[in-house]
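# Inside the fold
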Amino acid sequence: MDRLRYIVEDALTNIRRSGWGGLASIGTIAVSFIIVGIFLIITGNLGAVVAEWKEQFQVTVFLEDGITAEQLALLKKRIQNEGAVKTMTYTSKAEALQQFKRELKGKESLLEGLGENPIPASLQLHIHETYQTPEALKQLTGSLGRLEGVEDVMYGQEWVDRVSSVIRLLRLLGLSVGLALGLASLLIVSNTIRLTVYARSEEIEIMRLVGASRLHIRAPFLLEGMIQGTLGASLALLLLFGAFRATLWQLQVIPGQVFGMGMGSFLEPRWAALMILAGAGVGAFGSLVSVGRFLRA
């Protein structure tokens, strides 16, 4: 217990002595994790939109005007046997026209001169997420388009592909920037603690002469680095959360309701916890590097 108290008190004393160097370490770590956090928030929200869109994703099969009841029944049975199809909904020509009129919202008079109903009957197919890939959808729509009674097949997978590509690019960019800034943080923490180690070189040498173990010598500096890393990551989370809520307030929306698409969510708790652990890890590793060099000298 006394040893643990010594380690904690020694680490806190080192942090107070480090002055501006310690603040620079904490600040650099905070900036690094702010940038990483921004990428995580952006990609997380875009991922939520894509997941929501995939849940509602459907393939629309437009039917020929002259399709008979027997052909329609056979077509439904054929489509229901497709493993990719989760659910199927039939919309008749009359129902499709009524839906279109509701979407016009007061401009129904535009349809009065059309005479016959120009909108075809259709089948709306909800697709299992595992089949929502360009290859699987191309194969499915090609197969459906060749069935008797089918006029055309439409789906909007191109948009999902583009957004997914953007998410992958942002994640890669965020990882690259995060690694670069993480290395910068590591160097600053390492140099800050190295100055503390050299300032206490005589004290450390005496401890080595009286038989103190390497772990006993390293522990206060290791804890110092962990505290600096944890403070930096925690500061980054606080600043990110403040900026996030301020942005939502400026947009006059509540979390989860941006554009009505489930956007506007902060970091998941697991990501916040991982950021704090990563900050502590950066500080600890920087400390180990500095003390290790000194003890090998």
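Preceding block: the structure.
Description of the structure in this document. (Residues numbered from 1 in each chain as written. Predicted model: local features only at pLDDT ≥ 70, side-chain atom pairs only at ≥ 80, totals over all residues. Heavy atoms only, no water.)

## Describing the overall build of the chain
- Helices and strands together make up the secondary structure of the chain, namely nine helices and four strands.
- Counted from the first residue to the last, the chain has its helices and strands arranged as α-α-β-α-β-α-β-α-β-α-α-α-α.
- Expressed as a percentage of the 297 residues in the chain, the buried residues total 37%.
- By sequence separation, contacts in the chain at least 24 residues apart represent 83% of the contacts at least 6 residues apart.
- Put simply, the chain shows about 17600 Å² of open surface, and 62% of that area lies on carbon and sulfur atoms. (Helix = DSSP H or I, 4+ residues; strand = E, 2+ residues; numbered from the N terminus. Buried < 20%, exposed > 50% of the residue type's maximum accessible area, 1.4 Å probe, protein only. Contact = heavy atoms within 4.5 Å. Areas by Shrake-Rupley, 256 points an atom, 1.4 Å probe, with all protein chains shown as cover.)

## Notes on the nonpolar core
- With 20 residues, the main nonpolar core has L63, L75, I79, L125, I127 and L144 as its most contacted residues.
- Mapped onto this core, the elements with two or more residues apiece are β1 (58-63), α3 (69-80), β3 (122-127), α5 (134-145) and β4 (150-154). (Core = buried A, V, L, I, M, F, W, Y, C linked by side-chain atoms within 4.5 Å.)

## With respect to the layout of surface pockets
- Quantified by volume, the largest pocket comes out at close to 460 Å³.
- V36, G174, L175, G178 and L179 are, among the 20 residues lining the largest pocket, the residues nearest its centre.
- Broken down by secondary-structure element, the contributors of at least two residues to the lining of the largest pocket are α2 (20-56), α6 (157-199) and α9 (269-296).
- Counting residues per element, the lining of the largest pocket draws most heavily on α6, at nine residues.
- Partitioned by chemical class, the residues of the lining of the largest pocket number 13 nonpolar, six polar and one charged. (1 Å grid on protein atoms, 1.4 Å probe; cavity = no way out; pocket = protein on both sides within 12 Å on 5 of 7 lines; lining within 4 Å. Points joined across faces, edges and corners; volume = space filled by probe spheres on them. Nonpolar A, V, L, I, M, F, W, Y, C, P; charged D, E, K, R; others polar.)

## Things to note about the sheet that holds strand β2 (residues 85-91)
- The four strands lie next to each other as β2-β3-β1-β4, forming an open sheet whose pairing is antiparallel. One side of each edge strand has no neighbouring strand; the edge strands of this open sheet are β2 and β4. With direction set aside, neighbouring strand axes in the sheet form an average angle of 20°.
- Summarising the sheet, β1 and β3 pair through five bridges and their orientation is antiparallel. Paired with V59 across the strands is L125, a residue of β3.
- Running over the sheet, α3 touches β1, β2, β3 and β4 and is turned about 160° from β2.
- Here α5 sits on the sheet in contact with β1, β3 and β4, set at roughly 165° to β4. (Pairing = 2+ DSSP bridges. Axes fitted to C-alpha atoms, helices over the stretch in contact; angles between N-to-C directions.)

## Brief notes about a negative patch on the surface
- On the surface, a cluster of negative charge is contributed by E64, E148, E151 and D152.
- By relative accessible area, which is 34% here, E64 ends up partly exposed. (Patch = residues over 30% accessible without salt bridge, like charges linked within 9 Å, V, L, I, M, F, W, Y side chains within 5 Å. Salt bridge = Lys/Arg side-chain N within 4 Å of Asp/Glu carboxyl O. Lys, Arg positive; Asp, Glu negative; His and termini not counted. Charge placed at Lys NZ, Arg CZ, Asp CG, Glu CD.)

## Some remarks on the packing of aromatic side chains
- Summed over all chains, the structure comprises two aromatic pairs.
- Aromatic side chains F241 and F266 sit 5.2 Å apart centroid to centroid with 80° between the ring planes, which places their arrangement in the edge-to-face category. Linking F241 in helix α8 (residues 214-251) with F266 in the loop between α8 and α9, this pair joins segments that are 25 residues apart in sequence.
- The partly exposed category is assigned to F241, whose relative accessible area is 38%.
- A centroid spacing of 5.3 Å and a plane angle of 50° characterise the contact between F244 and F266, whose relative ring orientation is tilted. One end of the pair, F244, is in helix α8; the other, F266, is in the loop between α8 and α9, with 22 residues separating them in the sequence.
- Overall, the relative accessible area of 23% leaves F266 in the partly exposed class.
- Counting every residue linked through ring pairs, the aromatic cluster contains F241, F244 and F266.
- Taking the ring centre of Y90 as reference, the NZ or CZ of K76 above it sits at 4.6 Å. (Phe/Tyr/Trp six-rings, centres within 6.5 Å; stacked < 30°, edge-to-face > 60°. Lys NZ or Arg CZ within 6 Å of the ring centre and 35° of its normal.)

## Structural notes on the pattern of salt bridges
- Taken as a whole and judged by the stated rule, the model has three salt bridges.
- Close ionic contact of R78 with E82 constitutes a salt bridge, the shortest N to O distance being 2.8 Å.
- Between E268 and R270 there is a salt bridge whose closest N-O contact spans 2.7 Å.
- Since its relative accessible area comes to 40%, E268 is described here as partly exposed.

## Some remarks on the environment of I67
- Looking at the element boundaries, I67 is found in the loop between β1 and α3.
- Linking I67 and A121, residues 54 residues apart in sequence, is a C-alpha distance of 9.6 Å.

## Section: a nonpolar patch on the surface
- A contiguous nonpolar surface patch, about 360 Å² in accessible area, is contributed by I206, L209 and V210.
- Residue placement: L209 occurs in helix α7 (residues 201-209).

## A look at α5
- For α5, built from twelve residues, the straight-helix expectation of 16 Å at 1.5 Å per residue is met to within 8% by its first-to-last C-alpha distance of 16 Å.
- Buried within α5 are the following residues: L137, L140, T141, S143 and L144. In an axial view of α5, the angular spread of the buried residues amounts to 160°, which keeps them on one side of the axis. The exposed set on the far side of α5, more than 90 degrees from its buried face, consists of E135, K138 and Q139. (Expected span 1.5 Å × (residues − 1). Arc of directions from axis to C-beta.)

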